[in-house]
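# Structural description and commentary
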Amino acid sequence: MNVSKDLIAASATPLILAILKENDSYGYAIIKRVKEMSENELVWTEGMLYPVLHRLEDQMLIESYWSKSEAGRQRKYYRIKESGLKELELQKKQWEIVHSALSKTWSE
Amino acid sequence: MFDLEMQIHSWSDHLRARGNFTEADINELESHLREEIDDLISAGLTPDESFLISVKRLGNLDAISHEFAKVNTENLWKHLYIDPVDNVAKRQSNRDIALVVIFTLLAGTLIKIPELFGLGFNDPGADRFYLKNISLFILPFVAAFFLIKRKADRKTWSTFMVTFIIAALIINIYPSFSPYNTEILSSLHLPLLLWLIVGVAYTGREWQSSQGRMNFIRFTGEMVVYGVLVWAGVLVLGMFTMAIFGAIQVDAEKFLEDYYFIYGACAAVLITVYLVEAKKSIVENFAPILAKIFSPLFLVIMVSFLVVMIITGKSPFMEREFLIAFDLMLALVLGLVLYVISSRNNQQPPNLFDYLNLALIIIALIIDGVALSAILFRLSAFGITPNKLAALGENLILLGNLGGLAWLYVAYFKRKRDFINLEKWQTGYLYVYFIWTAIVAFIFPLLFGFY
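Residues numbered from 1 in each chain as written. Chains lettered and ligands numbered in written order. Predicted model: local features only at pLDDT ≥ 70, side-chain atom pairs only at ≥ 80, totals over all residues.

### Digging into the overall build of chain B
This is how the line gets drawn: Strands here are runs of E lasting at least two residues and helices are runs of H or I lasting at least four, both read from the DSSP assignment and numbered beginning at the N terminus. As a rule, residues whose C-beta atom has 12 or fewer other C-beta atoms within 10 Å are exposed, those with 20 or more are buried, and those in between are partly exposed; C-beta atoms are placed from the backbone. Residue pairs are scored as contacts if the distance between their C-beta atoms, which are placed from the backbone, is within 7 Å.
Summing up its helical and strand segments, chain B has 16 helices and zero strands in all. Taken across its 451 residues, chain B has 28% of its residues classed as buried. Long-range pairs, those at least 24 residues apart, make up 78% of the contacts in chain B with a sequence separation of at least 6.

Dropping the structure here:
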């Protein structure tokens, strides 16, 4: 099923933050992880992911550093910052509100 | 054989050409592409299959670059003084700036040296000496700047040095008698000739290719635009200095005249060279924009001139000054046409500006044809002088250039030829300018007995 563009955009920030909370990661791995977690329902494009990453970096929620992979390739890793963790908590609460409201209306 | 590395490089170059990405963005995306390719290869695909699929998955470049543009808004207002991305680039950029400073000091000092031998700016007879040599004081340094940047070998260096020295010797050894016609002609043509030689340094090994020479033409246009801006800055600073020191009754005029404007002029040239070289494709070129704004306006003026000329029945009055005016008209038209062409993609279908160009050329040819028929009559009636011959030669050469362009344009519109032929014609024609300026600078004085 295709998830609408608006929803993907809205959920991008909490998803990225949550993934980075698990451990530091880089663009390609993040896309794979999202695909995996959503059982192939959420397929992000690079054109969408990287601008979001860079915006989060501008907002000081995450930070980036270059590091070598095992194969010796340069990768740009992202790490979540203290403020990012706070933002994630905030987002979590907001999504929970939406989620509980939706589940109530749908279960009735 | 499928060369994966090359394909990846050309892909990232493609991104670079979009201009919406920073270098770090591109590295990141490239590393992403490589991850994807590696995964596919380990899943059993061949490198070329993996490359194709990965590029496809990365998505439409237009879409990506559009998304990135939203984030990198400051990137859209690009910085001319580019922040170097890595250490190598940083070192190179520092070196270039050091070169600009050193060469400015050298060129400025070189201009001051003749003063020690009693040939200061204000001494009698010095004006012609400086007019004659001014390009020799600066352009060799511009050439040297490019030779260093292009890592020229020793043979190239010596060729350039010998060329400049020979030019300097000839121009200064030639005697000159009143009314100095040939000397002034040489002085005017030598800078153009030397600029073309600088062009060889600029293009490096590519000077034989049409592409390389076209780049030099673009470079020249940007030089003019940026040079005027930088020079205006130098002037403003100079006037400001004068005014502010005037306020405390200190006369800065002597200092400004003797040092500031001399070194300022050298600095203006070299800074402009540095800026234009550094910015290259990073910022949209200015000369084509100006050309596109003014070519329709120019066309209107020329058409009305032609119409008025026909209605009133007045043929242009043929004095030398007017012939030079028509030379200028042709040169301007050529400039407009050239810079519209220079920003054009060869694969594009004909657009409005191409038709405008052709109209501009044809009108210019008609006006010039009328003018030429008048001058030829005068020339035969009053005999040849160096000035008339030079003006006439220039006119014929520009006419040949524009005529060729018009012909190729028509063939292009009829789909008999590709646009690339126009570019080749124009860049090939640089040789004609080279030869002609050399003739006027070096042969004319001999022909006319140095008068």
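Let's pick the thread back up.
### Describing the overall build of chain A
If you tally the helices and strands in chain A, you get four helices and three strands. What you see in chain A, going N to C, is helices and strands ordered as α-β-α-α-β-β-α. Here the contacts in chain A between residues at least 6 apart in sequence split such that 50% fall between residues at least 24 apart.

### A short note on the sheet that holds strand β1 (residues 25–26) of chain A
Residues and elements named next belong to chain A. Note the following rule: When DSSP finds two or more bridges between two strands, those strands count as paired.
Read across the open sheet, the three strands follow the order β1-β3-β2; overall the sheet is antiparallel. Bordering the open sheet on either side are β1 and β2 (62–68), each of which pairs with just one other strand. In this sheet, strand β3 (residues 74–80) lies alongside β1 in antiparallel orientation, the contact comprising two bridges. Bridging across to β3, Ser25 finds its partner in Tyr78.

### Here we look at the packing of helix α9 (residues 181–203) of chain B against helix α15 (residues 386–413) of chain B
Residues and elements named next belong to chain B. What counts, and what does not: Only the stretch in contact is used when a helix axis is fitted, and all axes are lines through C-alpha atoms; the angle between N-to-C directions ranges over 0 to 180 degrees. Each angle receives one of four descriptions, namely roughly parallel if under 35 degrees, roughly antiparallel if over 145, roughly perpendicular if within 65 to 115, and oblique otherwise. All residues other than Ala, Val, Leu, Ile, Met, Phe, Trp, Tyr, Cys, Pro, Asp, Glu, Lys and Arg, Gly among them, are scored as polar; the first ten of these are nonpolar and the last four charged.
Direction vectors running N to C along α9 and α15 enclose 30 degrees, while the axes themselves pass 9 Å from each other. Judged on the interaxial angle alone, α15 and α9 are roughly parallel. Contact with α9, carried on its side by Asn181, Thr182 and Leu185, involves Pro386, Asn387 and Ala390 of α15 and no other residues of that element. The residue makeup of the contact of α9 with α15, split by class, is three nonpolar, three polar and no charged.

### Points about unusual backbone geometry
Positive phi, close to 50 degrees, is recorded for A:Glu39, a residue that is not glycine. For A:Glu39, the position within the fold is in the loop between α2 (27–37) and α3 (46–58). Look at B:Arg415: it is not a glycine, yet its phi comes out positive at around 65 degrees. With respect to the helices, strands and loops of the structure, B:Arg415 is situated in the loop between α15 and α16 (419–447). The exposure class of B:Arg415 is exposed, given the 9 C-beta atoms found within 10 Å.

### Some details on α2(A)
In plain terms, the rule: In this context, the arc is that of the directions from the helix axis out to the C-beta atoms.
Within the sequence span of α2(A), burial applies to A:Gly27, A:Tyr28, A:Ile30, A:Ile31 and A:Val34. Angular distribution of buried residues about the axis of α2(A) spans 165 degrees; they occupy a single face of the element. For α2(A), the secondary structure elements touched by its buried residues are α1 (5–22), β1 and α3 of chain A together with α2 (23–42) of chain B. Residue A:Glu39 follows α2(A) closely and has a positive phi angle near 50 degrees.

### With respect to the nonpolar core
All names here are of chain B. Defined as follows: Think of a nonpolar core as buried Ala, Val, Leu, Ile, Met, Phe, Trp, Tyr and Cys residues chained together by C-beta atoms that fall within 7 Å. A domain assignment, automatic or from a database, supplies the domain bounds used here.
Core analysis: the biggest nonpolar cluster contains 73 residues, and Val142, Ala143, Leu270, Val333, Val337 and Ala364 have the highest contact counts within it. For this core, the domains that each give at least three residues are domain 2 (87–279) and domain 3 (286–417). Apart from residues no more than four positions distant in its own chain, Val142 is found in contact with Val198, Val269, Leu270 and Val273.

### Some details on the confidence of the model for chain B
All names here are of chain B. Which entries qualify depends on this criterion: Confidence scores labelled pLDDT are given residue by residue by the predictor and lie between 0 and 100.
This prediction gives chain B a mean pLDDT of 82; 88% of its residues lie at or above 70. Confidence drops under pLDDT 50 across residues 74–82; counting only partners more than four residues distant or on other chains, this segment forms 10 contacts. Interface predicted TM-score (ipTM) for the complex: 0.72; the corresponding pTM is 0.66.

### What about the pairing of β2(A)?
Residues and elements named next belong to chain A. As paired strands, β2 and β3 are joined by seven bridges and run antiparallel to one another. Across the sheet, the residue bridging to Trp66 is Lys76, located in β3. Hairpin connection from β2 to β3: five residues lie between these consecutive antiparallel strands, with Gly72 at a positive phi of about 85 degrees.

### Side note on α1(A)
All names here are of chain A. Threshold: One less than the number of residues in a helix, times 1.5 Å, gives the span that helix is expected to have. Note on bend: the value at a residue is the angle between axes fitted to the seven residues ending there and to the seven starting there.
End to end, α1 covers 25 Å across 18 residues, agreeing with the expected 26 Å (1.5 Å per residue, within 8%). For α1, the principal kink sits at Ala12 and spans about 40 degrees; a proline, Pro14, occurs within the next four residues. If you check which residues of α1 are buried, you get Ala12, Leu15, Ile16, Leu17 and Leu20. Against the buried residues of α1 lie β1, α2, α3, β2, β3 and α4 (82–107).

### Considerations on the packing of helix α10 (residues 210–247) of chain B against helix α11 (residues 253–279) of chain B
Residues and elements named next belong to chain B. Which entries qualify depends on this criterion: Crossing chirality is assigned from the near helix's rotation relative to the far helix, an anticlockwise turn below a right angle marking it left-handed and a clockwise turn marking it right-handed.
Their axes nearest at 9 Å, the elements α10 and α11 cross at an angle of 150 degrees. When the axes of α10 and α11 are compared, the pair comes out roughly antiparallel. For the crossing formed where α10 meets α11, the hand is right-handed. Residues Phe219, Glu222, Met223, Tyr226, Gly227, Val230, Trp231, Val234, Gly238, Thr241 and Met242 of α10 pack against Glu253, Leu256, Tyr260, Phe261, Gly264, Ala268, Val269, Ile271, Thr272, Leu275 and Val276 of α11. Across the contact of α10 with α11, the residue classes break down as 15 nonpolar, five polar and two charged.

### Remarks on the environment of B:Ser342
All names here are of chain B. Positionally, Ser342 belongs in helix α13 (residues 320–342). Under the C-beta neighbour-count criterion, Ser342 is labelled buried, with 21 such atoms within 10 Å. With 55 residues separating them in the primary sequence, Ser342 and Ala287 have C-alpha atoms 9.1 Å apart. Excluding anything up to four places from it in sequence, Ser342 contacts Met214, Ile217, Arg218, Gly221 and Pro288.

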